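Understanding the architecture of this molecule
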Amino acid sequence: MKSLNAYQRKRWLGLLLVIIVCMLGLSSPIQHFAAFPNEVRLFSGQLKQLDYGMPVHAQVTSDSELLRINGSNDRSTSINLNKPLTIQSSHSGETTLKLKLFGKIPFKTVKVNVVPDLRVIPGGQTIGVKVKSAGIMVVGHHQVVNGKGTKVSPGETAKLQLGDLIVRINGNYVNEVYKVAKLAEEAGTANRSLQLTVKRGTRMFETKLTPVFDAEDRAWRLGLYIRDSAAGVGTLTFYAPDQGVYGALGHVITDMDTQTPIEVGEGQILQSNVTSINKSQTGEPGEKRAHFIKESKVLGNIERNTPFGIFGKMKELPAHSYNQQTIPVAFAEEVKEGPAQLLTVVNGQKVERFNVEIVHVTKQQSPATKGMVIKITDRRLLEQTGGIVQGMSGSPIIQDGKLIGAVTHVFVNDPTSGYGCFIEWMLQDAGVLLKQASLNLKAA
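Per an unreviewed UniProt entry, the protein chain is named SpoIVB peptidase, and its organism is Paenibacillus rhizovicinus.

With respect to the pattern of salt bridges
Enumeration over the complete set of coordinates arrives at 14 salt bridges. Measuring nitrogen to oxygen at the nearest pair gives 2.5 Å for the salt bridge that ties Glu333 to Arg41. Of this pair, Glu333 sits in the loop between β26 (327-328) and β27 (338-345) while Arg41 is found in strand β1 (residues 39-43), placing the two residues 292 residues apart along the sequence. In this pair, the class of Glu333 matches that of Arg41, namely buried. Between Glu303 and Lys313 there is a salt bridge whose closest N-O contact spans 3.6 Å. Of this pair, Glu303 sits in the loop between β23 (298-301) and β24 (304-306) while Lys313 sits in strand β25 (residues 309-313), and the two are ten residues apart along the sequence. Within this structure, Arg41, Glu333 and Glu424 form a network of salt bridges that share partners.

Some details on the packing of aromatic side chains
Applying the stated criterion to the full structure yields three aromatic pairs. Here the aromatic rings of Phe43 and Phe331 are separated by 4.5 Å at their centres, their planes lie at 0°, and the arrangement is stacked. Within this pair, whereas Phe43 is found in strand β1, its partner Phe331 is found in the loop between β26 and β27, the two being separated by 288 residues in sequence. With a centroid separation of 4.9 Å and 80° between ring planes, the pair formed by Phe411 and Tyr419 is classed as edge-to-face. Over the ring of Phe331 we find Arg41, and its NZ or CZ is 4.1 Å from the ring centre.

Overview of the nonpolar core
Counting 51 residues, the largest nonpolar core has Phe238, Ile397 and Leu427 as its most contacted members. Aside from chain neighbours lying at most four places away, what touches Phe238 is Val120, Ile121, Pro122, Gly123, Val245, Tyr246, Gly247, Leu403, Ile423, Met426, Leu427 and Ala430. One finds Ile121, Leu165, Tyr239 and Leu317 within the second-largest nonpolar core, a separate group that totals 22 residues.

A short note on the sheet that holds strand β29 (residues 372-376)
Judged by pairing direction, the barrel is antiparallel, and its six strands sit side by side in the order β27-β28-β29-β32-β31-β30 before closing back on the first. The mean inter-strand angle of the sheet, taken between neighbouring strand axes irrespective of direction, is 40°. Direction of pairing for strand β30 (residues 396-399) relative to strand β31 (residues 402-411): antiparallel, over a ladder of four bridges. Bridging from a neighbouring strand, Ile397 pairs with Gly405 of β31.

Some details on unusual backbone geometry
Unusually for a residue other than glycine, Asn191 sits at a positive phi of about 55°. With respect to the helices, strands and loops of the structure, Asn191 is situated in the loop between α4 (177-189) and β15 (194-200).

What to know about the sheet that holds strand β2 (residues 47-50)
Ordered in space as β2-β6-β4, the three strands form an open sheet in which the pairing is antiparallel. At either margin of the open sheet sits one strand with a lone partner, and together these are β2 and β4 (68-69). Pairing of β4 with strand β6 (residues 85-88), which is carried by two bridges, proceeds in the antiparallel orientation. Of the residues in β6, the one forming a bridge with Ile69 is Ile87.

Reading the values: rules and limits
- Residue indices follow the written sequence of each chain, beginning from 1 at its first position.
- Residue-level local features of this predicted model are given only where pLDDT is at least 70; pairs of side-chain atoms are given and counted only at 80 or more, and the full residue set underlies all totals for whole chains, interfaces and linings.
- To obtain the side-chain values, all non-hydrogen atoms of the structure were used and water was disregarded.
- A carboxyl oxygen of Asp or Glu within 4 Å of a side-chain nitrogen of Lys or Arg is what we treat as a salt bridge.
- A helix here means a DSSP run of H or I that spans at least four residues, while a strand means a run of E at least two residues long, and both kinds are numbered starting from the N terminus.
- Remark: exposure states derive from per-residue accessible area (1.4 Å probe, protein chains only) relative to the maximum for the residue type, with buried under 20%, exposed over 50%, and partly exposed in between.
- Under the pairing criterion, centres of Phe, Tyr and Trp rings, with the six-membered ring standing for Trp, must be within 6.5 Å; the plane angle then separates stacked pairs below 30 degrees from edge-to-face pairs above 60, leaving the rest tilted.
- Remark: a charge is flagged as sitting over a ring if the NZ atom of Lys or the CZ atom of Arg is within 6 Å of the ring centre and within 35 degrees of the ring normal.
- What makes a nonpolar core is a set of buried Ala, Val, Leu, Ile, Met, Phe, Trp, Tyr and Cys residues whose side-chain atoms join them at distances within 4.5 Å.
- The contact criterion used is simple: two residues touch if any of their non-hydrogen atoms lie within 4.5 Å.
- In this scheme, strands are said to pair when DSSP sees at least two bridges between them.
- Where helices are involved, their axes are fitted lines through C-alpha atoms of the stretch in contact, as for all axes, and angles between N-to-C directions lie from 0 to 180°.

Next up, the structure:
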């Protein structure tokens, strides 16, 4: 009987311990401590606020004089963890903060990385995009009727696939379709094969293609549909005046037929004028209708086409900016759910500001395009566009006075909502923000 009572006491004691642990785990101070990162990033001159929300005093010590802690230059400061802890630095560098409860008990070690101050001018302007690929894109196959009446496809025989990029023919670089027709005729007349250097993804290989004389068209054919360029409209995201570079679109440019990313050989961005809006509806995203203006006046070149947009050099900010003043940018971990603003054009060239809501933020360990979910809440924009439309991609998103990201995609079944990417990843691809500055956050 006594052993039974002892067993019951142990069970009740164990249950009580479980309840205490659960209560502690759900308590606000413990949650604040568990959610706090081991690393903190800030731009030089930026004031960063850390909130533990724990009703205890501590001693915070920096291993250098890089930081001002709660406004003090002292390397060791007594603080109340129930109040926000502020840190600031006037120049870049790395340091470590060590917190000790009551000045004695080791509590938390935080690595602090201060990067050079960065400010950009937000865009919002609709731009025309003209891209020439770094070779000849294979976008389809077709059958050629030869002299025997048989249908053949020389391109398929040469093992070429949709999305392949022909970069050299007979050892010579080629990126213009009209030149390919001439080479095909010369090879066919001389009864020779064309030696092709082809890029498929990241792999390069060689193959031979023998042109076939089309009995119907009376011309030498390769049995391929090919393309050397693409054009469209999008939105400028930012211009970094100190570096003379820009970022736009927020997503990669792909070939319309193969849906493969276009490897840019050269390209230009031009001024564009929105003439009308085809409103978005459930199941059918709308689009901006626009045309290029002043094609002789090039705004900038296109050097890179990445998952986060197009990037290149720009000598000056395009006209019709919403605000020509620079604003700070936010790291990915600074973006939070709540109200924000969107800059875009819905008529002519006038950039306007509209209200949106950040409804979800993804904690990303590495660059990814779907960083946040945004919802259009501005009645004016909903009335004019129905939500997010094609051509709006790249529209800058601003929160608390900082540029935080860009619109990337619309939800087909709910055009009032869509995805946005963090501006940090765009700045990395633009070469403005070093990739080494990225913070390795734990996924939520």
